[in-house]
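Analysis of the macromolecular model
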Amino acid sequence: MRHVLAGVMAGFLVAASAGAQNGLGKLDTSQPTGMTPEQIVTEMGKKESQFVKARDNYTFRQSVVMQTINDDNGKPDGEYRQVTDIGFDKDGKRNETVVFAPQNTMERVILDAYDLEDVAKRIPLVLTTEELPNYDVKYVGRQKVDELDTYVFDASPKNADFKHRFFEGRVWVDQKDLEIVMINGKNVPDDIKHGHFSIPFTTYYEQVDTVNWFPTYTRADGTVHFAASKDGPANDIHMRNTVKYTDYRRYRSSARIIYNGQDITNESKPEKQPQQSEPPRQ
């Protein structure tokens, strides 16, 4: 990205670290009982893999709000807003439909497709069984997240490059179900040459049915620092952003209907589509 933004979904990619501490209890560094940290990580990875596959069979609404903040008065001086329904076409293939997209009023930042990939690919659901070999995962302790008892781990990628970026940060895993309930970190590495940066983000998970825990809310409030370049002088841009994932609805059933030896399972219609009305202001 050009100097104006240099690749930031960064503002999107979240939170002042202090903000990430809301709802957290005191960290207990004692070892887990009944399972080793390695066993917990293995089970966590299995659950994440299950959720990734399950989420591919859900429709949902993705609401993105990105704002540049005037630090003189603390108010937004520009905003990008887009609401997209993630669903399926008549052939059952994944598609995206923009349902609300007012004019972008941000003047100090420019987004490109690379930045928006962070929304779809690099923020939701991390540390699956398939991804775990790419990480060093270290046990930190136990901690309350609101009313949940969790195990805490720090994850860092073994190898990362501009074509293969990975999550780096802290992960909270529910002690009972061994499912991730919150993550706080960033995507690495930063690509300074091409202006793609990330600042820490916090994503919260919720149980959307009786089984699956999906990401529902990502928040950011941070400053992106730009060095001087041929495109302009050094500059700091304060950004405040949120991403919400709502209206999860199961689209496909894993059940098969066999009639006279033929599979007549109909997966072409969702159980319930999200409402198409204009979303409320956030």
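Everything quoted here is computed from the prediction, not taken from an experiment. (Residues numbered from 1 in each chain as written. Predicted model: local features only at pLDDT ≥ 70, side-chain atom pairs only at ≥ 80, totals over all residues. Heavy atoms only, no water.)

A word on the pairing of strand β2 (residues 75-88)
Of all 14 residues in β2, 10 are buried, a share of seventy percent or more. Where strand β1 (residues 58-70) meets β2, 11 bridges bridge the pair, whose relative direction is antiparallel. Paired with R61 across the two strands is D85, which belongs to β2. Linkage of β1 to β2, two consecutive antiparallel strands, is achieved through a turn of 4 residues, within which G74 is found at a positive phi near 75°. In sequence, β2 turns back onto strand β3 (residues 94-100) through a hairpin of 5 residues, with G92 there showing a positive phi of about 80°. (Buried < 20%, exposed > 50% of the residue type's maximum accessible area, 1.4 Å probe, protein only. Helix = DSSP H or I, 4+ residues; strand = E, 2+ residues; numbered from the N terminus. Pairing = 2+ DSSP bridges.)

Re the packing of aromatic side chains
As enumerated under the stated definition, the model contains 11 aromatic pairs in all. Through pairs of rings, three or more aromatic residues link up here, namely Y58, F60, F214, Y245 and Y248. One cation-aromatic arrangement involves R55 over Y245; the distance from NZ or CZ to the ring centre is 5.2 Å. (Phe/Tyr/Trp six-rings, centres within 6.5 Å; stacked < 30°, edge-to-face > 60°. Lys NZ or Arg CZ within 6 Å of the ring centre and 35° of its normal.)

Details of the environment of I69
Along the polypeptide, I69 turns up in strand β1. The exposure class of I69 is buried, given its relative accessible area of 2%. With 152 residues separating them along the chain, I69 and D221 place their C-alpha atoms 9.5 Å apart. In this structure I69 touches G74, K75, P76, D77, R108, H238, M239 and R240, once residues within four positions along its chain are discounted. (Contact = heavy atoms within 4.5 Å.)

Things to note about the pairing of β3
Pairing geometry for β2 and β3, over 6 bridges, is antiparallel. In the sheet register, T84 faces β3, and the bridge partner there is V98.

Re the side chain of E179
Residue placement: E179 occurs in the loop between β6 (166-174) and β7 (180-188). Given the relative accessible area of 6%, E179 is considered buried. Setting aside residues no more than four positions away along its own chain, E179 makes contact with K47, F51, W172, V173, D174, V211 and W213.

Here's the deal with unusual backbone geometry
Omega for the bond connecting V188 with P189 falls within 30 degrees of zero, at 0°, which places this linkage in the cis form. Mapping P189 onto the fold places it in the loop between β7 and β8 (201-207). Even without being glycine, D146 reaches a positive phi, approximately 55°. Counting through the fold element by element, D146 comes out in the loop between β4 (135-145) and β5 (148-157). Taking the relative accessible area as the measure of exposure, D146 reaches 55% and is therefore exposed. Even without glycine at this site, D247 takes up a positive phi of about 55°. The residue D247 is located in strand β10 (residues 235-250) in this model. According to the relative accessible area criterion, D247 is partly exposed, its value standing at 29%.

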